[in-house]
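# Fold and geometry: a report
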Amino acid sequence: MSKKNEIIVIGDYTATQLEKLSEEFQTIFVNKTDDLRSLSAASRKNIKGVAFKGHRPLEFDAASFDLLPELRIISNFGVGYDGIDIQEASRRGIKITNTPDVLNDDVADVAIGMLIALSRNFLNGVDWIKSGAWGKSGEMPLNRTVSGKKAGIVGLGRIGCAIAHRLSGFKMNIHYYSRSEKSSVKDWKFHSDPISLAEEVDFLFIALVGGQETSQFVSKEVIQALGADGILINISRGSTVDEEALLDALETKHIRGAALDVFTGEPSINPRFLELDNVFMQPHQGSGTIETREAMAKLQRANLSRFFANESLITPIN
Ligand code: NAP
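A short tour of the structure in this document, coming up. (Residues numbered from 1 in each chain as written. Predicted model: local features only at pLDDT ≥ 70, side-chain atom pairs only at ≥ 80, totals over all residues. Heavy atoms only, no water.)

## Observations regarding the overall build of the protein chain
- Along the protein chain, the regular secondary structure elements total 12 helices and 12 strands.
- On C-alpha atoms alone, the protein chain measures out to a radius of gyration of 22 Å, which is about the 20 Å that the 2.2 N^0.38 rule sets for 318 residues.
- Burial analysis of the protein chain (318 residues in total) assigns 47% to the buried set.
- Split by element, the accessible area of the protein chain, about 15800 Å² in all, is 51% carbon and sulfur. (Helix = DSSP H or I, 4+ residues; strand = E, 2+ residues; numbered from the N terminus. Rg over C-alpha atoms; globule rule 2.2 N^0.38 Å. Buried < 20%, exposed > 50% of the residue type's maximum accessible area, 1.4 Å probe, protein only. Areas by Shrake-Rupley, 256 points an atom, 1.4 Å probe, with all protein chains shown as cover.)

So, in structure tokens, the structure goes:
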């Protein structure tokens with residue numbers, strides 16, 4: 001039997017994912033990049049490939065690369081690669097791959113589900129039954145229509161498009177902000193400025209890439225422009241939104257609500273969120289289904305295999 005290629009696996013994987021990685025590669029596991037230090041220099045010195053899973057901004061940085069002098073590929077688990085210092089990796093000739101497309105549907109489903117859950121107050125509905133309020137007080141308070149409203153997408157990429165297609169099925173007019181107009185989506189209205197987009201729509205979906213370039217792209221001005229009836233939905237990264245401005249707007253009811261799957265500094269989130277009743281929150285579970293995580297893991301492994309076979313990478317990002 002041919003000798004397996006050796007890789008380091010970094011992150012929080014399921015037992016099945018680890019098993020499958022070990023079937024194909026000779027593996028060393030650590031939880032996070034900081035733990036690379038705990039490995040002996042001898043075990044690190046010839047490592048060419050890493051399977052990485054992590055969301056902490058720039059967790060995989062120059063100091064981590066220094067610990068792996070022969071590193072040539074980081075196969076990232078996830079489409080978002082803001083956990084890796086791409087510029088520094090490119091400078092060192094380290095290839096990065098990600099797992100795009102296979103997760104679009106699940107993430108878009110969560111975006112739509114969160115909007116409906118917030119606008120129709122599903123959490124209150126459950127409480128209304130469990131607390132006995134239904135029997136004592138009758139109908140729960142009325143909530144607000146979702147279908148037929150105007151929707152805006154900030155960042156009309158793969159996931160943004162999947163969200164927009166779903167919203168069309170809810171009889172919504174679609175508006176979007178991108179850095180340039182998309183010729184492929186003639187029925188959707190382009191805005192060159194996110195503030196004008198926010199002014200125009202009822203629901204503003206954020207589907208930008210994360211990272212320094214889009215840090216707080218959804219600024220106080222964009223949030224304020226949404227207005228008192230507006231709802232912001234973020235499935236991208238906490239970093240893309242000015243969270244302090246969002247919290248202020250939610251507390252003062254300057255906007256109607258927010259539905260959030262991602263937060264700055266997650267998993268520890270700003271405690272001000274916990275006091276609000278106009279927020280629907282999820283613990284970054286956009287791609288968190290058995291089917292999609294399997295597909296992501298498969299693509300991660302396939303990119304590593306291709307690298308070791310000297311074949312072209314399937315989903316390179318640099
Ligand atoms: P994508 O296809 O690359 O789309 C990203 C969008 O970001 C594009 O519309 C792009 O705009 C925009 N963008 C990139 N750089 C920008 C900049 N400097 N300024 C303004 N806009 C910029 O990515 P995707 O596959 O849809 O994924 C989007 C993000 O979703 C990921 O990066 C990840 O952070 C997040 N995500 C979250 C979950 C979750 O579980 N919640 C799961 C998967 C992904 P242009 O159209 O102008 O190029």
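## What about the site of the ligand?
- Lining the immediate surroundings of the ligand are 27 residues, of which I159, R179, K182, E213 and D261 lie closest.
- Within the side chain of S178, a nitrogen or oxygen atom sits 3.0 Å from an oxygen atom of the ligand.
- At a separation of 3.2 Å, an oxygen atom of the ligand approaches a polar backbone atom of V209.
- A breakdown of the residues in the shell around the ligand according to their chemical character gives 11 nonpolar, 10 polar and six charged. (Near = heavy atom within 4 Å. Polar contact = N/O pair within 3.5 Å; in protein donor to acceptor, adjacent residues only side chain to side chain. Nonpolar A, V, L, I, M, F, W, Y, C, P; charged D, E, K, R; others polar.)

## A word on the sheet that holds strand β7 (residues 173-177)
- Reading across from one edge, β8-β7-β6-β9-β10-β11-β12 is the order of the seven strands in this open sheet, with parallel pairing throughout. The sheet terminates laterally at β8 (189-191) and β12 (279-281), the two strands that pair on one side only. On average, each strand axis in the sheet is tilted by 20° relative to the strand beside it, whichever way the strands run.
- As judged from the three bridges shared by strand β11 (residues 257-260) and β12, these two strands associate in the parallel manner. Within the sheet, the bridge partner assigned to A258 lies in β12 and is V279. (Pairing = 2+ DSSP bridges. Axes fitted to C-alpha atoms, helices over the stretch in contact; angles between N-to-C directions.)

## Brief notes about helix α12 (residues 290-308)
- For α12, spanning 19 residues, the distance from its first C-alpha to its last is 27 Å, which sits close to the expected 27 Å at 1.5 Å a residue.
- For α12, every residue scored as buried is listed here: T292, M296, A297, L299, Q300, R301, N303, L304 and F307.
- Once α12 finishes, N310 follows within two positions and takes phi at roughly 60°, a positive value. (Expected span 1.5 Å × (residues − 1).)

## A closer look at the packing of helix α1 (residues 15-24) against α12
- Two elements in contact, α1 and α12, have axes whose closest approach is 11 Å; the angle formed by their N-to-C orientations is 20°. Viewed along their axes, α1 and α12 adopt a mutual orientation that is roughly parallel. Where α1 crosses over α12, the two elements pack in a sense that is right-handed. Residues Q17, K20, L21 and E24 of α1 touch α12, and the partners they reach there are R293, A297, R301 and S305.
- Its residues assigned to classes, the contact of α1 with α12 shows two nonpolar, two polar and four charged. (Parallel < 35°, antiparallel > 145°, perpendicular 65-115°, else oblique. Left-handed = near helix turned anticlockwise from the far one by under 90°. Contact = heavy atoms within 4.5 Å.)

## With respect to the nonpolar core
- With 47 residues, the main nonpolar core has I153, I163, L167, F205 and I233 as its most contacted residues.
- Per-element tally for this core: the top contributor is helix α5 (residues 104-119), with 10 residues.
- Those residues in contact with I153 that sit more than four places away from it in its chain are G160, I163, A164, L167, I174, H175, Y176, Y177, L197, F205 and A207.
- Ranked by size, the runner-up nonpolar core spans 27 residues in total, among them V218, L246, I255 and F263. (Core = buried A, V, L, I, M, F, W, Y, C linked by side-chain atoms within 4.5 Å.)

## Quick look at the pattern of salt bridges
- Overall, the coordinates contain 16 salt bridges when judged by the stated rule.
- Notably, a salt bridge pairs R92 with D66, separated by 2.9 Å at the nearest N-O pair. Of this pair, R92 sits in the loop between α4 (86-91) and β5 (95-97) while D66 sits in helix α3 (residues 62-66), and the two are 26 residues apart along the sequence.
- Accessibility expressed as a relative area gives 28% for R92, which makes it partly exposed.
- Notably, a salt bridge pairs E200 with K150, separated by 2.8 Å at the nearest N-O pair. Taken together, the residues E200 in helix α9 (residues 194-200) and K150 in strand β6 (residues 150-154) connect sequence positions 50 residues apart.
- When its relative accessible area of 33% is taken as the criterion, E200 is described as partly exposed.
- Note on K150: relative accessible area 30%, which makes it partly exposed. (Salt bridge = Lys/Arg side-chain N within 4 Å of Asp/Glu carboxyl O.)

## Observations regarding the packing of α5 against helix α8 (residues 158-168)
- One way to put it is that α5 packs onto α8 with a least axis distance of 9 Å and a crossing angle of 55°. Our classification of the angle between α5 and α8 gives oblique. Like other packed secondary-structure pairs, α5 and α8 cross with a definite hand, here right-handed. On the side of α5, the interface is formed by N104, D105, V107, A108, D109, A111 and I112, while α8 contributes R158, I159, A162, I163, R166 and L167.

## Some thoughts on the side chain of N303
- Inspection of the secondary structure puts N303 in helix α12.
- On the basis of relative accessible area, N303 is assigned to the buried category, the value being 0%.
- Separated by 2.9 Å, the side chain of N303 and the backbone nitrogen of I314 make a polar contact.
- What N303 contacts, discounting residues up to four positions off in sequence, is I73, S75, T97, N98, L313, I314 and T315.

## A word on the packing of aromatic side chains
- For the structure shown, the criterion picks out eight aromatic pairs.
- Between Y177 and F217, the ring centres sit 5.3 Å apart and the planes meet at 40°, which makes this aromatic pair tilted. Of this pair, Y177 sits in strand β7 while F217 sits in the loop between β9 (203-206) and α10 (220-226), and the two are 40 residues apart along the sequence.
- Ring geometry for F307 versus F308: centroids 5.1 Å apart, planes at 75°, classification edge-to-face.
- Among the aromatic residues, those joined into a ring-pair cluster are F25, F307 and F308.
- One cation-aromatic arrangement involves K53 over Y13; the distance from NZ or CZ to the ring centre is 5.7 Å. (Phe/Tyr/Trp six-rings, centres within 6.5 Å; stacked < 30°, edge-to-face > 60°. Lys NZ or Arg CZ within 6 Å of the ring centre and 35° of its normal.)

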